[in-house]
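# Summary of the model geometry
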Amino acid sequence: MRTLGVLVAALLLCAGCGDQVDAQHPAGHRSGASASGATDAGIRLAGGGTLTAPAQRASAIVYDTALVPAGAEVTVTAESGAVLSTSTVTAKGMLPARAYGVHLHVNPCGPEPDDAGPHYRHAHTHASAENEVWLDFTTDARGGATATATQDWAFSPGRPPRSLVIHAEPTRTAGAEAGNAGPRVACVTLVQR
């Protein structure tokens, strides 16, 4: 009984210490809380640069130079906390006034467009803007665009998205073709930061 009392006292003392024990790391991993209540734990991914011809280790690739001109640049950030994820893509030097379908995918980019694998999904059910990360954009008169998507779910720590793929067409949003956006024209590999 005395041991239980000491344990309860220790727990009460620790209750005001300001650190939180991360529930996903029960071995005692601690993460500090910010003023907003968010912890510093999470997944931060980034990638981008000038799109180049496909190569084994290239991290920003163009597959179709008729739809993505030489010198086009794409940057991507994708961050996930405990319950939300936010992804942003910025493009420069694309074709002007043109719509592209854009999604996060499960594998890194590779020499072949299909190397990036399927769309990254929260649940293995259906393709939708709620279940996947869709970042479609329409470029301005100079070929620039920015798009952001926020999901009410977090990336899986064991399997975060590994790339962003730009498709030739806007994403279809309904019916049997939902999620389809035509051929893959460019790809950016995401790396954890």
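The notes below deal with the structure included here. (Residues numbered from 1 in each chain as written. Predicted model: local features only at pLDDT ≥ 70, side-chain atom pairs only at ≥ 80, totals over all residues. Heavy atoms only, no water.)

### As for the packing of aromatic side chains
Our working rule: Here a pair means two rings of Phe, Tyr or Trp (six-membered ring of Trp) with centres within 6.5 Å. Their orientation is stacked below 30 degrees between planes, edge-to-face above 60, and tilted elsewhere. Each helix is a run of DSSP H or I of at least 4 residues and each strand a run of E of at least 2, with the numbering of both proceeding from the N terminus. Using a 1.4 Å probe on the protein chains alone, a residue whose accessible area is under 20% of its type maximum counts as buried, one over 50% counts as exposed, and one in between counts as partly exposed.
Using the criterion set out here, one finds four aromatic pairs in the structure. Here Y100 and F137 contribute two aromatic rings whose centre-to-centre distance is 5.6 Å and whose plane-to-plane angle is 50°, an arrangement assigned as tilted. Of this pair, Y100 sits in strand 7 (residues 99–105) while F137 sits in strand 8 (residues 137–138), and the two are 37 residues apart along the sequence. Y100 gets classed as buried once you look at its relative accessible area, which sits at 0%. Taking relative accessible area as the criterion, F137 reaches 4% and is therefore assigned buried. Here Y120 and F155 contribute two aromatic rings whose centre-to-centre distance is 5.7 Å and whose plane-to-plane angle is 90°, an arrangement assigned as edge-to-face. With Y120 in the loop between strand 7 and strand 8 and F155 in the loop between strand 9 (145–151) and strand 10 (163–167), this residue pair connects regions lying 35 residues apart in the sequence. For Y120, a relative accessible area of 2% corresponds to the buried category. Connected via pairs of aromatic rings, a cluster forms that spans Y120, W153 and F155.

### Remarks on the sheet that holds strand 7
Stated precisely, the cut-off is as follows: At least two bridges found by DSSP between two strands is the condition for calling them paired.
The strand order across the open sheet formed by five strands is 4-11-10-7-8, and the pairing between neighbours is antiparallel. The two strands at the open ends of the sheet, each matched to only one other strand, are strand 4 (60–62) and strand 8. Where strand 10 lies against strand 11 (residues 184–189), five bridges are found, and the strand directions are antiparallel. Of the residues in strand 11, the one forming a bridge with V165 is C187.

### Quick look at the pattern of salt bridges
Note the following rule: Salt bridges are defined by distance alone: a side-chain nitrogen of Lys or Arg within 4 Å of a carboxyl oxygen of Asp or Glu.
Enumeration according to the criterion identifies three salt bridges in this entry. A salt bridge links R184 to D114; the nearest nitrogen and oxygen atoms lie 4.0 Å apart. One end of the pair, R184, is in strand 11; the other, D114, is in the loop between strand 7 and strand 8, with 70 residues separating them in the sequence. Here E132 makes a salt bridge to R121, at a shortest N to O gap of 2.6 Å. Of this pair, E132 sits in the loop between strand 7 and strand 8 while R121 sits in the loop between strand 7 and strand 8, placing them eleven residues apart in sequence. When its relative accessible area of 1% is taken as the criterion, E132 is described as buried. Of the residues examined, R121 reaches a relative accessible area of 25% and is grouped as partly exposed.

### Overview of the state of the cysteines
Going by this rule: When two cysteine sulfur atoms are found within 2.5 Å, that pair is recorded as a disulfide.
Applying the stated rule across the entire model yields one disulfide. Covalent S-S linkage joins C109 and C187, the inter-sulfur distance amounting to 2.0 Å. With the S-S dihedral at roughly -85°, the linkage between C109 and C187 falls on the left-handed side. Here C187 lies in strand 11 and C109 lies in the loop between strand 7 and strand 8, a separation of 78 residues in the sequence. Side by side, C109 and C187 carry an identical accessibility label, which is buried.

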